[in-house]
Amino acid sequence: MSMKDIDIDSVNLKMEPLKSEPERQTWFMAKCRQYTEDFERKKGRRPTFFIQTFGCQMNAKDSEKLAGILIQIGYVEAEDESADFVLYNTCTVRENANLRVYGRLGQLKHKKKKNPDMLITLCGCMMQEQAVLEKIKTSYRHVDIVFGTHNVFKLAELLATRLESGGQIIDIWEGTEKIVENLPSQRKHSFKAGVNIMYGCNNFCSYCIVPYVRGRERSRDPKDILMECERLASEGVVEIMLLGQNVNSYGKNLENPITFARLLREVEKVEGIKRIRFMTSHPKDLSDELIEVMRDSKKICRHLHLPVQSGSSRLLKDMNRRYTKEQYLALVDKLRQAMPDISLTTDIIVGYPGETREDHEETMDVVRQVRYDSAFTFIYSKRSGTPAAGRSDQVPEAVVKERFDALLALVQEIAMERTSIHEGKTMEVLVEEVNAQDNTLVTGRLSNNILVHFPGEASMIGKFYDVKLKECKGFYYYGEAVK
Ligand code: SAH
Ligand code: SF4
Ligand code: F3S
């Protein structure tokens, strides 16, 4: 638990809940806790919860906040969907993310028949779509609570409402100006944490649904961000990942504007934080100031995720990415000149409407020139409501498949070569977990994000070790600690 200023015990439930946040939610947490106490008296155990995250790091961060609220209320975390409270935090960036949720929801129906007290909650990006809501209202009546991306902080209030009234509770906001600070949060890892620096996105890339479901860009106050980082450091966190859809435009709309590079300088000063990462960088907004700050920093990791999406300037224009192939390659040159050892990763979309063989070749060419350390390749997925979805020149599936396979093969070949250049070196590893397949090994990450497995045990988690990288296994290493 990270927010020490939440004090449920001092809440007076005889008074009406306040209008201001987070006080209002504290009141509802106290209210819900009466329910979990009743539950415990009746059943001789506390109610359990299970949260499944379907989306990106920001989605995962929201899940940690939701878990924090449930734990305050008195719930205990369970391993799977046999829990009393099941929550799906959904993603809608590509069609298959949606399909997975519907599949799992169908299975939950049977579970709920056996355990009628079970509560099912849906939230996240999918819920911001009207068509999805209609489907849930008509075909998924067994869902109890539905909320969206703008009111995650309201879970306790919605749960209290559900417990008192029964029926399906739906609360979706179109958008929000509000950023509610100081709610509880339950971190997944003891030693590393994500920190939101901004919400939403203003870029409207033509294929992307995120701006529609996450709303307009809002930056958090740098003071709140630094306070959170300091608090995390005091709790033993050594690695921080700053999160936003487009971190390079952080701070532009604040009352006292500040650049992302300056924010990084401030985070760097937080004692105890040893590694800083951030996601995601949009190439169009990556400043020289940021490159300088990264170059001079001892803490910012030598890794940059720089989604290119396509190598064709013609498609990039159509995608509304606002850079050309040449500009992107020039930016990569600048980064490599400043930091020769930087690891670069990317996202690429295959089969965007109107993509020709030549466009595809341009993408292959960028991959050959940049030589990414790794890349996420996605087949274009039509998202209703986005400009690209209405196009009549969608690329036939068989053609997309062929291009996708060719791209993936190239990306993997280069990634293996890039990974292997470190063989024999000794580098610093932050240990993340005991290896799931072989418990005589631990698994950790290099600054450049490559995974390393080496002999060790659970007590090493969250600590740094100098590790000799003995054997490259494609995308990861086997090593041995040297001290
Ligand atoms: N804000 C980040 C990306 C967030 S979405 C950025 O601008 O880089 C993560 C990735 O999903 C994107 O980089 C893109 O490659 C992919 N993506 C988004 N919409 C998609 C769609 N409709 N079809 C296929 N991939 C998509
Ligand atoms: Fe989507 Fe583009 Fe915003 Fe990234 S920058 S979230 S791809 S609209
Ligand atoms: Fe998915 Fe929403 Fe993230 S659509 S990728 S969970 S912002």
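Sequence positions are assigned chain by chain, starting from 1 and proceeding in written order. Chains and ligands are labelled by the order in which they are written, letters from A for the one and numbers from 1 for the other. Reporting in this predicted model follows two pLDDT cut-offs: at least 70 for local features of residues, and 80 or more for side-chain atom pairs to be given and counted; totals over whole chains, interfaces and linings ignore these cut-offs and use all residues. Side-chain figures throughout are based on the complete set of non-hydrogen atoms in the structure, without hydrogens or water.

Examining the overall build of the chain
Then comes step 1: Secondary structure assignment for the chain yields 13 helices and 19 strands.
Then comes step 2: The size measure is the radius of gyration over C-alpha atoms, and the globule rule it meets is 2.2 Å times the number of residues to the 0.38 power. On C-alpha atoms alone, the chain measures out to a radius of gyration of 23 Å, which is about the 23 Å that the 2.2 N^0.38 rule sets for 483 residues.
Then comes step 3: Think of it in three bands: with a 1.4 Å probe and only protein chains considered, a residue is buried below 20% of the maximum accessible area for its type, exposed above 50%, and partly exposed in between. The burial tally for the chain puts 55% of its 483 residues in the buried class.
Then comes step 4: Sequence separation of 24 or more characterises 73% of the internal contacts of the chain that already satisfy a separation of 6 or more.
Then comes step 5: When the accessible surface of the chain is totalled, it reaches about 21,900 Å², and 49% of it is carbon and sulfur.
Then comes step 6: For the chain, the centre of its 71 positive side-chain charges and the centre of its 70 negative side-chain charges are spaced 2 Å apart. Going along the chain from the N terminus, every DSSP run of H or I of four or more residues is numbered as a helix, and every run of E of two or more is numbered as a strand. Whether two residues touch is decided by their heavy atoms; if any such pair falls within 4.5 Å, the residues are in contact. In this description, accessible areas are obtained by the Shrake-Rupley approach with a 1.4 Å probe, and a residue is regarded as covered only by the protein chains that are shown. Note on charges: Lys and Arg go in the positive column, Asp and Glu in the negative column, and His and the chain ends are not counted at all. Positions of charges follow a simple convention, taking NZ of Lys, CZ of Arg, CG of Asp or CD of Glu.

Structural notes on the site of ligand 3
Then comes step 1: Near is defined per residue: the residue qualifies when any heavy atom it owns lies within 4 Å of the molecule or strand. Close to ligand 3 lie G55, C56, N59, C91, T92, V93, C125, R214 and Q245, which account for all nearby residues.
Then comes step 2: In this classification, the charged set is Asp, Glu, Lys and Arg, the nonpolar set is Ala, Val, Leu, Ile, Met, Phe, Trp, Tyr, Cys and Pro, and all remaining amino acids, among them Gly, are polar. Of the residues assigned to the shell around ligand 3, the class counts are four nonpolar, four polar and one charged.

Topic: helix α11 (residues 325–338)
Then comes step 1: Helix length check: α11, at 14 residues, gives a terminal C-alpha distance of 20 Å against a target of 20 Å (1.5 Å per residue), a fit within 8%.
Then comes step 2: Turning to α11, its buried residues number three or more, namely K325, Y328, L329, L331, V332 and L335. The buried residues of α11 occupy an angular sector of 155° when projected down its axis, which confines them to one face. Residues of α11 that are exposed and point over 90 degrees away from its buried face: E326, D333 and Q337.
Then comes step 3: Of the surrounding elements, those touching the buried residues of α11 are α9 (288–296), β12 (303–305), α10 (313–318), β13 (343–350) and α12 (357–370). Here the expected span of a helix is defined as 1.5 Å times the quantity of residues minus one. What the arc describes is the spread of directions from the helix axis to the C-beta atoms.

A few points about unusual backbone geometry
Then comes step 1: The omega angle of the peptide bond from E21 to P22 is 5°, so this bond is cis rather than trans.
Then comes step 2: Backbone torsion omega between M279 and T280 reads -5°, so that peptide bond is classified as cis.
Then comes step 3: Relative to the elements of secondary structure, T280 occurs in the loop between β11 (275–279) and α9.
Then comes step 4: We note that R322 has phi near 65°; this positive angle belongs to a residue other than glycine.
Then comes step 5: Here R322 lies in the loop between α10 and α11.
Then comes step 6: Located in the positive-phi region is R371, a residue other than glycine, with phi close to 55°.

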